[in-house]
Amino acid sequence: MSTPAHARAFKELNEEWIRAYFTLEPADSALLDDPEREIVAKGGRVLIARIGSEIVGCGAVVPEGHGVYEVSKMAVSPRYRGRGIGRRILEAAIEQARALGATSIILASNRKLANAVHLYESMGFVHVPPEELPPSPYRRADVFMKYDPRVFGFRQ
């Protein structure tokens, strides 16, 4: 994320999918209203996917402390879904977390987002009990996952 247009697109793409399935929560607004302060300034990354000059997707890598990073706020424009963009964003998020020194990558999702959960599983995330992760600020979270350290190459 390097421009105000990127920040706007990050907010708009995420608000679109969240409102389509759920209700926007205070934790959503905190990250989406000021991703520079809430993600980037804290050592995370906001990723922007483009086709040509059009922003078509996004995601974030959010530091949780002690080497733990959360993959969060992944979104792909409805017009571009089904083209592998989500997979590329997730691959980039994993690589960014690795570059930032992650010892663990986590995420929280919802079973209503079956395609997203399937993508996470296909990329090496495994389901874990919620108590294995930092508490999620989202009421909608009912799927909790962690990147399999054998896939990621972590030493435990």
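Being a predicted model, the structure only gives us computed values, none of them experimental. (Residues numbered from 1 in each chain as written. Predicted model: local features only at pLDDT ≥ 70, side-chain atom pairs only at ≥ 80, totals over all residues. Heavy atoms only, no water.)

Asks: Just to check I follow, could you spell out the nonpolar core for this structure?
Replies: By size, the foremost hydrophobic cluster in this structure holds 26 residues, and its most contacted members are Val 71, Leu 90, Ile 105 and Phe 125. Every element with two or more residues in this core is listed here: strand E1 (45-51), strand E2 (54-65), strand E3 (68-76), helix H4 (85-99), strand E4 (104-109), helix H5 (114-122) and strand E6 (143-147). With six residues, the single largest contributor to this core is H4. If you look at the next biggest cluster of nonpolar residues, it comprises 22 residues, including Trp 17, Ala 60, Ala 141 and Phe 144. (Core = buried A, V, L, I, M, F, W, Y, C linked by side-chain atoms within 4.5 Å. Buried < 20%, exposed > 50% of the residue type's maximum accessible area, 1.4 Å probe, protein only. Helix = DSSP H or I, 4+ residues; strand = E, 2+ residues; numbered from the N terminus.)

Asks: Just checking my understanding: could you explain the packing of aromatic side chains for this structure?
Replies: By convention here, two paired aromatic rings are described through the distance between centres and the angle between planes. Going through the model one piece at a time under the given rule, you end up with four aromatic pairs. A ring pair is formed by Trp 17 and Phe 22, whose centres lie 6.3 Å apart and whose planes are at 85 degrees; its orientation type is edge-to-face. Among the residues examined, Trp 17 registers a relative accessible area of 14% and is labelled buried. Relative to Phe 22, the ring of Tyr 21 has its centre 6.1 Å away and its plane inclined at 40 degrees; by these criteria the two rings are tilted. With a relative accessible area of 39%, Tyr 21 lands in the partly exposed category. A relative accessible area of 14% means that Phe 22 is categorised as buried. An aromatic cluster of at least three residues, connected via ring pairs, comprises Trp 17, Tyr 21 and Phe 22. (Phe/Tyr/Trp six-rings, centres within 6.5 Å; stacked < 30°, edge-to-face > 60°.)

Asks: Any chance you could explain H4 here in plain terms?
Replies: It helps to recall that an α-helix has 3.6 residues per turn; residues three or four apart then point in one direction. Compared with the 21 Å implied by 1.5 Å per residue over 15 residues, the 21 Å span of H4 between its first and last C-alpha is a close match. Along H4, the residues that are buried comprise Ile 85, Gly 86, Ile 89, Leu 90, Ala 93, Ile 94 and Ala 97. Once H4 finishes, Gly 101 follows within two positions and takes phi at roughly 95 degrees, a positive value. (Expected span 1.5 Å × (residues − 1).)

Asks: Would you mind going over unusual backbone geometry with me for this structure?
Replies: Note: most residues except glycine have negative phi, and most peptide bonds are trans. Although it is not a glycine, His 66 adopts a positive phi angle of roughly 55 degrees. Within the secondary structure layout, His 66 lies in the loop between E2 and E3. Phi angles above zero are rare outside glycine, and Lys 73 is one such case at about 55 degrees. Relative to the helices and strands, Lys 73 is located in strand E3. Judged by relative accessible area, which is 5%, Lys 73 ranks as buried.

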